[in-house]
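In case you want the letters, here they are:
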Amino acid sequence: MRESGWCASKVAAMGRRFDIPVLYYIYLLGPPLVPKSHQLCSRFQCLALNINESDYENPHCLPLCKCTYKKADTDKIASILASGRFPLVSMRVPHLDDTVELYMDLQLEIVEFRPGMQYVALSHVWSDGLGNPSENVILTCQCYFLRQRVIDAMRQVGSSSERVHLWMDTLCVPVEPPSLRRLALRTMRTIYEKASLVLVLDAEIMQMSEDVPKIEQLMRIATSNWAARLWTYQEGVLTNKIFL
């Protein structure tokens with residue numbers, strides 16, 4: 001498995017978790033669908049998923065895309081957090097159309113959560129490129145991608161609204177000052193408990209076809225990078241509904 005591209009630490013963890021026939025089944029599924037370099041990893045630690053803040057990049061969702069960033073209103077976020085509540089991101093496209101030209105019109109607004117509001121809490125691995133260690137900003141094409149995924153997920157629970165409300169750490173947890181950042185992080189338990197559902201966005205899982213057998217789907221989820229991170233256990237457990 002290590003020779004075919006698996007991380008040494010993940011192989012060691014799976015060896016403690018699964019017996020030999022299960023490991024052989026995972027091996028037959030092939031290497032990870034999103035290749036990463038694990039040459040510097042040991043059986044005790046994966047370094048490939050760690051991010052370097054100085055050269056962190058946000059990949060565009062479309063080839064040759066040159067869209068700009070959408071910025072969250074950090075002053076409004078600070079005001080909402082200071083009031084003891086938590087912020088949500090509202091996304092709306094004035095012209096509901098899937099064409100590339102119109103997604104540039106996407107509007108991003110910070111709103112305060114009120115009891116009864118439906119929203120989706122996102123859970124993701126920063127090494128996949130949806131984070132931002134220096135600012136509360138996100139690429140326009142990524143916004144549009146997230147909006148479409150949230151709409152699809154909400155339809156599964158009977159919501160037909162095109163007005164999307166979501167919580168995402170990249171936009172809703174202030175980078176500065178540290179005191180405000182800590183305040184935002186302390187609300188995360190409540191955020192995931194009150195969410196209508198949690199939507200997991202993992203690059204490995206998103207590469208998987210829905211047509212593969214259920215056992216393969218479950219095994220790829222169990223061996224995904226999302227399932228290997230510490231904080232994702234809280235994000236996955238606290239909600240009543242989770243979509244991957």
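Refer to the structure presented above.
Right, let's walk through the structure included here.

About the criteria used
Residues numbered from 1 in each chain as written. Predicted model: local features only at pLDDT ≥ 70, side-chain atom pairs only at ≥ 80, totals over all residues. Heavy atoms only, no water. Helix = DSSP H or I, 4+ residues; strand = E, 2+ residues; numbered from the N terminus. Rg over C-alpha atoms; globule rule 2.2 N^0.38 Å. Buried < 20%, exposed > 50% of the residue type's maximum accessible area, 1.4 Å probe, protein only. Contact = heavy atoms within 4.5 Å. Areas by Shrake-Rupley, 256 points an atom, 1.4 Å probe, with all protein chains shown as cover. Lys, Arg positive; Asp, Glu negative; His and termini not counted. Charge placed at Lys NZ, Arg CZ, Asp CG, Glu CD. Phe/Tyr/Trp six-rings, centres within 6.5 Å; stacked < 30°, edge-to-face > 60°. Disulfide = S-S within 2.5 Å. Axes fitted to C-alpha atoms, helices over the stretch in contact; angles between N-to-C directions. Parallel < 35°, antiparallel > 145°, perpendicular 65-115°, else oblique. Pairing = 2+ DSSP bridges. Left-handed = near helix turned anticlockwise from the far one by under 90°. Nonpolar A, V, L, I, M, F, W, Y, C, P; charged D, E, K, R; others polar. Core = buried A, V, L, I, M, F, W, Y, C linked by side-chain atoms within 4.5 Å. Polar contact = N/O pair within 3.5 Å; in protein donor to acceptor, adjacent residues only side chain to side chain.

Comments concerning the overall build of the protein chain
In step 1: The helix and strand inventory of the protein chain stands at ten helices and eight strands.
In step 2: The C-alpha atoms of the protein chain give 19 Å as radius of gyration, which agrees with the globular expectation for 244 residues (18 Å, within 12%).
In step 3: Each principal axis of the C-alpha atoms in the protein chain carries an extent, and together these give about 50 × 40 × 35 Å.
In step 4: Taking all 244 residues of the protein chain together, the buried fraction comes to 47%.
In step 5: Taking all contacts inside the protein chain whose residues are at least 6 apart in sequence as the whole, residues at least 24 apart take part in 76%.
In step 6: Surface summary for the protein chain: the accessible area is close to 13,400 Å², and the carbon and sulfur share equals 53%.
In step 7: Charge centroids of the protein chain, computed over 26 positive and 26 negative side chains, lie 6 Å from each other.

Some thoughts on the packing of aromatic side chains
In step 1: Within this structure, the stated rule accounts for six aromatic pairs.
In step 2: Pairing F86 with F113 gives two aromatic rings, centres 4.7 Å apart and planes at 10 degrees, and the pair type is stacked. Residue F86 is found in the loop between helix 3 (74–82) and strand 2 (87–92), and its partner F113 is found in the loop between strand 3 (107–112) and strand 4 (120–124); the two are separated by 27 residues along the sequence.
In step 3: Taking the relative accessible area as the measure of exposure, F113 reaches 8% and is therefore buried.
In step 4: Seen in terms of ring centroids, F113 and Y119 are 5.5 Å apart; in terms of plane orientation they differ by 75 degrees. Their pairing is edge-to-face.
In step 5: The exposure class assigned to Y119 is buried, which follows from its relative accessible area of 0%.

A closer look at the state of the cysteines
In step 1: Summed over the entire model, instances satisfying the criterion amount to zero disulfides.
In step 2: Here C61 is not disulfide-linked; the sulfur of C141 is the nearest cysteine sulfur, at 4.1 Å.
In step 3: Not engaged in a disulfide, the cysteine C141 finds its nearest cysteine sulfur in C67; these two sulfurs lie 3.6 Å apart.
In step 4: By relative accessible area, which is 3% here, C141 ends up buried.

Considerations on the packing of helix 2 (residues 20–29) against helix 9 (residues 214–222)
When two helices pack together, their arrangement is given by the angle between the helix axes and the distance between those axes.
In step 1: Taken N-terminus to C-terminus, the directions of helix 2 and helix 9 make an angle of 95 degrees; their axes are 11 Å apart at the nearest point. Between helix 2 and helix 9, the crossing angle belongs to the class labelled roughly perpendicular. Taken together, the residues of helix 9 that come into contact with helix 2 (itself represented by V22, Y25, I26 and L29) are I215, E216, M219 and R220.

Side note on the sheet that holds strand 3
In step 1: Here six strands make up an open sheet; going across it, the order is 3-2-6-4-7-8 and the pairing mixed. Of all strands in the sheet, those with a lone pairing partner are strand 3 and strand 8 (242–243), marking the two edges.
In step 2: Relative to strand 6 (residues 164–167), strand 4 is paired through two bridges, and the arrangement is parallel. From the neighbouring strand, V120 faces strand 6, where its bridge partner is L166.
In step 3: Those strands touched by helix 3 are strand 2 and strand 3, and its axis lies near 20 degrees from that of strand 3.

A few points about the packing of helix 3 against helix 6 (residues 178–186)
In step 1: In contact at an axis separation of 10 Å, helix 3 and helix 6 are set at 60 degrees when each is read in the N-to-C sense. Here helix 3 is positioned oblique relative to helix 6, judged by the angle of their axes. Here the hand of the crossing between helix 3 and helix 6 comes out left-handed. Within the contact between the two elements, helix 3 uses A78, L81 and A82 and helix 6 uses L180, L183 and A184.
In step 2: Class assignment for the residues of the contact of helix 3 with helix 6 results in six nonpolar, no polar and no charged.

What to know about the nonpolar core
In step 1: Counting 50 residues, the largest nonpolar core has M91, Y119, L122 and W167 as its most contacted members.
In step 2: Ranked by residue count, the leading element in this core is helix 4 (residues 140–155), at eight residues.
In step 3: Those residues in contact with Y119, other than ones at most four positions away along the chain, are F86, L88, F113, H165, L166, W167, T190, I191, K194, A195, S196 and L197.

Re the side chain of S123
In step 1: Here S123 lies in strand 4.
In step 2: Among the polar contacts made by the side chain of S123, one reaches the side chain of E235 at a distance of 2.4 Å.
In step 3: The contacts of S123, once residues within four sequence positions are left out, are Y192, V198, L199, V200, L201, W226, T232 and E235.

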